[in-house]
Amino acid sequence: MSNSGKFKLPNKSYKGVIDRYKKYLPITKCTPIISLQEGDTPLIYAEKISSFLGKNFKVFLKYEGLNPTGSFKDRGMTMAISKAKEEGAKAVICASTGNTSASAAAFSAKGNLKCIVVIPKGAIALGKLAQALIHKAVVIAVKGNFDDALSVVREISDNYPVKLVNSINPYRIEGQKTAAFEICDYLKRAPDFHCLPVGNAGNITAYWKGYKEYYAYKKISSLPQMLGFQAKGSAPIVKGYPIAKPKTIATAIKIGNPASWKQALGAKKESKGLINAVSDSQILAAYKLLTEREGVFVEPASAASIAGLLALNRDGFFNKFKNNKKEFIITCTLTGHGLKDPQIAIKSVKTPPLVSAKAEAVVKIAKI
Ligand code: F0G
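Since the model is a prediction, treat every value here as computed from it, not as a measurement. (Residues numbered from 1 in each chain as written. Predicted model: local features only at pLDDT ≥ 70, side-chain atom pairs only at ≥ 80, totals over all residues. Heavy atoms only, no water.)

Caption draft 1: Up close: helix α12 (residues 280–294). Here α12 is 15 residues long and its end C-alpha atoms lie 20 Å apart, about the 21 Å a rise of 1.5 Å per residue gives. A positive phi of about 75° marks Gly295, the residue just after α12. (Helix = DSSP H or I, 4+ residues; strand = E, 2+ residues; numbered from the N terminus. Expected span 1.5 Å × (residues − 1).)

Caption draft 2: Fine view of the site of the ligand. With respect to spatial proximity, 20 residues lie near the ligand, and among them Ser96, Asn200, Ala201, Asn203 and Thr335 are the closest. At 2.7 Å, a side-chain N or O of Thr335 approaches a nitrogen atom of the ligand. Surface burial for the ligand is 99%, taken as the share of its 470 Å² of free accessible area covered by protein chains. Because more than half of its atoms lie within 2 Å of the grid, the ligand is assigned to the largest cavity. (Near = heavy atom within 4 Å. Polar contact = N/O pair within 3.5 Å; in protein donor to acceptor, adjacent residues only side chain to side chain. Areas by Shrake-Rupley, 256 points an atom, 1.4 Å probe, with all protein chains shown as cover. 1 Å grid on protein atoms, 1.4 Å probe; cavity = no way out; pocket = protein on both sides within 12 Å on 5 of 7 lines; lining within 4 Å. Sits in = over half its atoms within 2 Å of the grid points.)

Caption draft 3: Here's a closer look at the pairing of strand β4 (residues 114–120). By the criterion of burial, β4 is predominantly enclosed, with six of the seven residues buried. Pairing between strand β3 (residues 91–95) and β4: five bridges, direction parallel. Across the sheet, the residue bridging to Val92 is Cys115, located in β4. Read from β3 through helix α4 (residues 99–111) to β4, the crossover connection turns out right-handed. As paired elements, β4 and strand β5 (residues 138–142) share five bridges and run parallel to each other. Looking across to β5, one finds that Val117 is bridged to Val139. Handedness of the crossover joining β4 and β5 through helix α5 (residues 126–134) is recorded here as right-handed. (Buried < 20%, exposed > 50% of the residue type's maximum accessible area, 1.4 Å probe, protein only. Pairing = 2+ DSSP bridges. Right-handed = clockwise from strand over helix to strand, strands pointing away.)

Pasting the structure below:
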């Protein structure tokens, strides 16, 4: 089961999402498991954000930035790469706004696969580009956006012996659904609402699948309402038509024609949820709120969950649940780590002052 060679890992040690949730995943005894011990991420109680909503609300942050490559993509990638190995693939390919490529590159390194990454020119956060390159993926930029890059890799994987590991690959969704399982296992129930950013729409598809399966297995007795958020300049699902030139500072979700559009609409409809848009300034405000008040550093796209939650609260969406005897649980997926995009972080704060190397100079500025 484990890929640890002759060294046997202690039985109870954590071995990643496939090992923990194999019962619910399409793997066989022959599947070679390529894992970096992804998953098992914290569900952090957000005290300040909860207080904005009211006494009977508890908001939890599913901090997916603590996965091995710093994003939720690792859950799906362990499945996609393990199945690619099982099927005898020698190479994998993906288009990416950055996190998929970082994850594909790392798991390919672990699994001895060639990894080809096609990215939109100039639209990838620095940390993510560094990851793909340092794991020795073949990184190629195209003159176009993510949607153009995705159609290129689709065409290549249809015609050449390379496996596509974007979330169109069903094994990616299978792996990613484990985040919903973890949340329910931790809370010992399903949340009432689940907020998450929506880009190519794989993750909302995966969470909804996970919640529905746990419900079918009677592990939970209710289902959450799925609340998805796109960036205003890249909100095809909200608008109802593809966006030719998507725009947003949240580069991870700068997508104009999501591959899992239909599934996202299904999740919205079945869960009686919604998919709304949030502006870049709302995203940045939520980004700062998370770092300054909750101590959690995420990349801008991840902050769309919180921006959306706060906008709904302001618009009165939760009013009918307030001052209720029942306690409402809201989970928000924070999809990627803040260190992925250091440039945005630095841009959003003041440059530190430079003083002489003397205690009194530091004391004065620090107002000690
Ligand atoms: N948040 C982050 C940090 C992401 O990297 C992505 C997607 C999303 C949210 C949206 O998730 O696409 O499943 O709706 N990033 C992809 C990539 C597109 O190439 O890394 P989604």
